[in-house]
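These are the residues of each chain, in order.
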Amino acid sequence: MSFQHPLDPLSHSEQELIVAHSRKAWNLQAHHLFAMLQLHEPTKAELSSGKKLDRTARVTIWDRKKAVVSEGLITTDGVAKEFVEIPGAKSPVSVVESAVALDVVRKDKSVIEALARRGITDITTVHMETWPIGAQIPAHLDDGRRLIWTPMWHQPTPDANFYAHPIHGLHAIVDIDAEEVVGLEDNANVPIPQTPGPYRESQTGGSVKLKELKIDQPDGPSFDVQGWNIKWERWSFRIGFDQREGLVIHDVNFNDEGKPRKIAHRLSIAELVIPYGDPAQGAYRKNAFDTGEFGLGNFTNSLTLGCDCLGEIVYLDAAVTEGDGTVRTIKNAICMHEEDFGILWKHVDVDGHTEVRRGRRFVASSIVTVNNYEYGYFWYFYQDGSIEFEAKLTGIVLTLADKPGADHPSATELEPGLWAPYHQHILCARMDLEIDGVNNSVVEIESFAHPVGEKNPYGGAYETSETVLKSESAAQRLVDPIKSRFWKVVNPNKKNHVGHSIAYKLIPGHTTYPLAHKESVLGKRAGFMYSHLWVTPNVESERYPAGDYPFQHEGGAGLPEWTKNDRSIENTDVVLWHVFGTNHIPRTEDWPVMPVERTGFHLKPSGFFRRSPAMDVASSEAVDTACDC
């Protein structure tokens, strides 16, 4: 797809140009890895200027010899704008580096001997993964080098589910840049679980079938795709893709009685961290930042019609740059379709007259696979002017071995000797909203009841209180269902027809709170997760809630650092950061592949429209002519 708009993701050919220009401009050699290559998005002022804008990439380079991260800005025409070292930063782990590290481990004599003591003589039957050390690094290795460790599983046959057979107590620690095993943990007192965990249809049979369900739109889908710009119903927005964040939404507008009204400039999930709550040897280090330490977009699936997406589907391809500078196209990376969503609204009048409207929603989605887990990111747009984000979590729970029936309070025994550790999935949405204009404020709304008396004579009355969150410290808030707490993003400069500030409200969905202590290694690195809401003034460089480089960072970066200045956030260009997720206490029913778990949030108009936009939705053709639907 050719470039049409400054916010379009960098295409395959553009990224190839960027790689070639970068090598020439900055004299990059084989020891320089492309840790990340992203569109350097134009500012709002640049976008509104009407000027022709350069296509500029933000390139992150890891110098393996000097152990230095550098960031550069360079255009597709080869104009290098800057190239600076980032003191103390450590690069995300690239797929290329992971492959090299695993090759080193497979050839290591001590690893081969340790496996042989467990009766495994064929190294090709061992599945290994590269994980950051998400807890304390062993003191003798904590000297600044980039390290990963390698949990292992046995795959006795080519089609076996290796997660059913964890190899207890055997972990290699690898210096990524030196390409050598620098430590080996070998505790062989627990046998490998032997109960298989088959899940492929050829193994399980998959005999439960329903009659075929077809989605038929003879006139085609109701949305229009022009490049990366989408128009559906009264919505207009742009799809984006980023190597670090994956699916991104830009420039969201709703046509209100013929007038386009801005709702958001940019929506993304800026971080995903998975704290593991089991102190066992094979689990306590598994605290990965899947977005910041690996680049979530790298692991985007190529989606399949009829399986991942159903109906009249339009796909968008995406491209990512590997560590060695190779550009890879991900076919069908983003799925777009519309789906029936049941009743939009209904009323039966006293005379028996019925009015009912069926609702549809537009869906933009992508799915990533990071080792054992799948994460589906789904953005929904509704006919009542609301927006929803939903994360769908599935895949295979991470496993470790322990003695059958052992006292193991932080894990669930799935099969004899096979355990799934407790863990959490904590996501952070970064939402640059523009509610009918750039300058907005954030208001907290709570419901409360007065004591029985003059203001509550019958004991059933309640009211709401509204508090403007004026500074960053005041805006670090938690979900509180006891008070029915939610937050509104208001434009105090524009009033609706009854004199109130127009707004959209953030409604949290199912969520959790981190159980890792704040003073733990993870707690310091992921300090953002201890508030469900943060609000900051919009600063271009403040992109990720745990900072730009969470890998082996000492902690405190990102939102905790930025908000120390307690900047004003009233009637200005603000960014909402919403933290949400799940606390996963695995069930036996989560094995061998976990049914989808869901978490997310809604953005709903609150005084933004004069009345419900759903009233303008036409009735469908009724099968029973006694009603309008």
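In case you missed it, the structure is sitting above this.
Computed from a predicted model, the values in this text were never measured in an experiment.

What counts, and where the lines are drawn
Residues numbered from 1 in each chain as written. Predicted model: local features only at pLDDT ≥ 70, side-chain atom pairs only at ≥ 80, totals over all residues. Heavy atoms only, no water. Helix = DSSP H or I, 4+ residues; strand = E, 2+ residues; numbered from the N terminus. Rg over C-alpha atoms; globule rule 2.2 N^0.38 Å. Buried < 20%, exposed > 50% of the residue type's maximum accessible area, 1.4 Å probe, protein only. Contact = heavy atoms within 4.5 Å. Areas by Shrake-Rupley, 256 points an atom, 1.4 Å probe, with all protein chains shown as cover. Lys, Arg positive; Asp, Glu negative; His and termini not counted. Charge placed at Lys NZ, Arg CZ, Asp CG, Glu CD. Phe/Tyr/Trp six-rings, centres within 6.5 Å; stacked < 30°, edge-to-face > 60°. Pairing = 2+ DSSP bridges. Salt bridge = Lys/Arg side-chain N within 4 Å of Asp/Glu carboxyl O. Axes fitted to C-alpha atoms, helices over the stretch in contact; angles between N-to-C directions. Disulfide = S-S within 2.5 Å. Expected span 1.5 Å × (residues − 1). Arc of directions from axis to C-beta. Polar contact = N/O pair within 3.5 Å; in protein donor to acceptor, adjacent residues only side chain to side chain. Core = buried A, V, L, I, M, F, W, Y, C linked by side-chain atoms within 4.5 Å.

When you look at the overall build of the protein chain in this model, what are you seeing that I'm missing?
Tallying secondary structure elements over the protein chain gives 7 helices and 32 strands in all. Taken over C-alpha atoms, the radius of gyration comes to 26 Å for the protein chain, in line with the 25 Å a tight globule of 629 residues would show. Seen along its three principal axes, the alpha-carbon backbone of the protein chain occupies a region of about 80 × 60 × 60 Å. Within the protein chain, buried positions represent 55% of all 629 residues. Partitioning the intrachain contacts of the protein chain with sequence separation of at least 6 by distance along the chain shows that 65% fall at a separation of at least 24. Carbon and sulfur atoms make up 50% of the accessible area of the protein chain, which totals about 27,400 Å². Taken as two groups, the 63 positive and 86 negative side-chain charges of the protein chain have centres that lie 3 Å from each other.

Hey, could you run me through the packing of aromatic side chains in this one?
By convention here, two paired aromatic rings are described through the distance between centres and the angle between planes. Overall, the coordinates contain 26 aromatic pairs when judged by the stated rule. With 5.6 Å between their ring centres and 20° between their planes, Tyr 373 and Tyr 375 make a pair best called stacked. Looking at Tyr 373, the relative accessible area reads 3%, which means it is buried. With relative accessibility at 3%, the residue Tyr 375 sits in the buried group. Pairing Phe 389 with Phe 580 gives two aromatic rings, centres 6.0 Å apart and planes at 70°, and the pair type is edge-to-face.

When you look at the pairing of strand E12 (residues 229-232) in this model, what are you seeing that I'm missing?
One face of the sheet, then the other: side chains in a regular strand alternate in exactly this way. By the bridge criterion, 4 bridges tie strand E11 (residues 223-226) to E12 in an arrangement that is antiparallel. The residue bridging Asp 224 from the neighbouring strand is Lys 231, located in E12. When E12 meets strand E13 (residues 235-242), the two strands line up antiparallel, connected through 4 bridges. The residue of E13 that forms the bridge with Lys 231 is Ser 236. In this antiparallel pair of consecutive strands, E12 and E13, the connection spans 2 residues, and Glu 233 shows a positive phi of 50°.

Just checking my understanding: could you explain the pattern of salt bridges for this structure?
When the charged atoms of two side chains lie near each other, side chains of opposite charge can form a pair. Scanning the model with the defined rule gives 45 salt bridges in all. The partner of Glu 355 in a salt bridge is Arg 357, with the nearest N and O atoms 2.8 Å apart. For Glu 355, a relative accessible area of 22% corresponds to the partly exposed category. One salt-bridge network, in which partners are shared between bridges, spans Lys 44, Asp 251, Lys 262, Asp 432, Glu 434 and Asp 573.

Whenever I open this one, the sheet that holds strand E6 (residues 131-132) confuses me. Can you help?
Two modes of strand pairing occur in sheets, parallel and antiparallel, and in both the strands are linked by backbone hydrogen bonds. Within the open sheet, the 4 strands sit side by side as E6-E7-E9-E10. Their pairing is antiparallel. In this open sheet, the two strands that pair with only one neighbour each are E6 and strand E10 (180-186). With 2 bridges connecting them, E6 and strand E7 (residues 147-150) associate as antiparallel partners. Residue pairing across strands places Pro 132 opposite Ile 148, the latter belonging to E7. This element, helix H4 (residues 109-117), spans strand E9 (170-175) and E10 of the sheet and lies at about 25° to E10.

Help me understand the pairing of E9, please; the structure alone is not making it clear to me.
The buried fraction of E9 amounts to 6 of the 6 residues, a majority that puts the element mostly inside the structure. Judged by which residues are buried, E9 turns out to be covered on both faces: Leu 170, Ala 172 and Val 174 on one side and His 171, Ile 173 and Asp 175 on the other are all buried. Examined bridge by bridge, E7 and E9 share 4 bridges and lie antiparallel to one another. From the neighbouring strand, Leu 147 faces E9, where its bridge partner is Asp 175. Pairing geometry for E9 and E10, over 6 bridges, is antiparallel. Pairing of Ile 173 across the sheet is with Gly 183, part of E10. Hairpin connection, E9 to E10: the antiparallel pair is bridged by 4 residues, and Glu 179 has positive phi, about 55°.

Sorry, what's going on with the state of the cysteines here?
Covalent bonding between the sulfur atoms of two cysteines is what defines a disulfide. Enumeration according to the criterion identifies 1 disulfide in this entry. One disulfide in the model links Cys 309 with Cys 335; its S-S distance is 2.3 Å. With Cys 309 in the loop between strand E16 (288-289) and strand E17 (314-321) and Cys 335 in strand E18 (residues 327-348), this pair connects stretches of sequence that are 26 residues apart. A relative accessible area of 3% means that Cys 309 is categorised as buried. In this structure Cys 335 comes out as buried when scored by relative accessible area, which is 0%. Take Cys 307: it sits in no disulfide, and the sulfur closest to it among the cysteines is that of Cys 309, at 9.5 Å. Residue Cys 307 is classed as exposed on the basis of its relative accessible area, which comes to 65%.

In this structure, what is going on with helix H1 (residues 12-25)? I would like to understand it.
In an α-helix, one turn spans 3.6 residues, which is why side chains three or four residues apart end up on the same side. Over its 14 residues, H1 runs 20 Å from end to end, which matches the ideal 20 Å to within 8%, given 1.5 Å per residue. Of all the residues in H1, the buried ones are Glu 14, Gln 15, Ile 18, Val 19 and Ser 22. The arc that holds every buried residue of H1, seen down its axis, measures 140°, which confines them to one face. Summarising the contacts, the buried residues of H1 are in contact with strand E1 (32-39), strand E2 (56-63), strand E3 (68-75), E17 and E18. Within two residues after H1, Asn 27 carries a phi angle of roughly 55°, on the positive side.

Could you clarify how one ought to interpret the sheet that holds strand E24 (residues 418-421) in this entry?
Strand order in the open sheet formed by 3 strands is E22-E24-E23, and the pairing between neighbours is antiparallel. In this open sheet, the two edge strands, each paired with only one partner strand, are strand E22 (400-401) and strand E23 (411-415). Sheet analysis places E22 next to E24, joined by 2 bridges and oriented antiparallel. When the bridges of E24 are listed, Leu 400 appears paired with Trp 419.

Looking at this structure, how should I read the side chain of Thr 300?
For Thr 300, the position within the fold is in the loop between E16 and E17. A distance of 2.8 Å separates a polar side-chain atom of Thr 300 from the backbone oxygen of Gly 297. The residues contacting Thr 300, other than those within four sequence positions of it, are Phe 241, Ile 330, Ala 333, Ser 366, Ile 367 and Val 368.

Looking at this structure, I do not really get the nonpolar core. What am I missing?
Most often, soluble globular proteins have nonpolar side chains that are buried together. Grouped together as the largest cluster of nonpolar side chains are 83 residues, with contacts concentrated most on Trp 235, Ile 239, Val 252 and Trp 379. Beyond its immediate stretch of four places on either side in the chain, Trp 235 contacts Ile 230, Val 252, Asn 253, Phe 254, Ile 263, Phe 381, Tyr 382, Gly 385, Ser 386, Ile 387 and Tyr 504.

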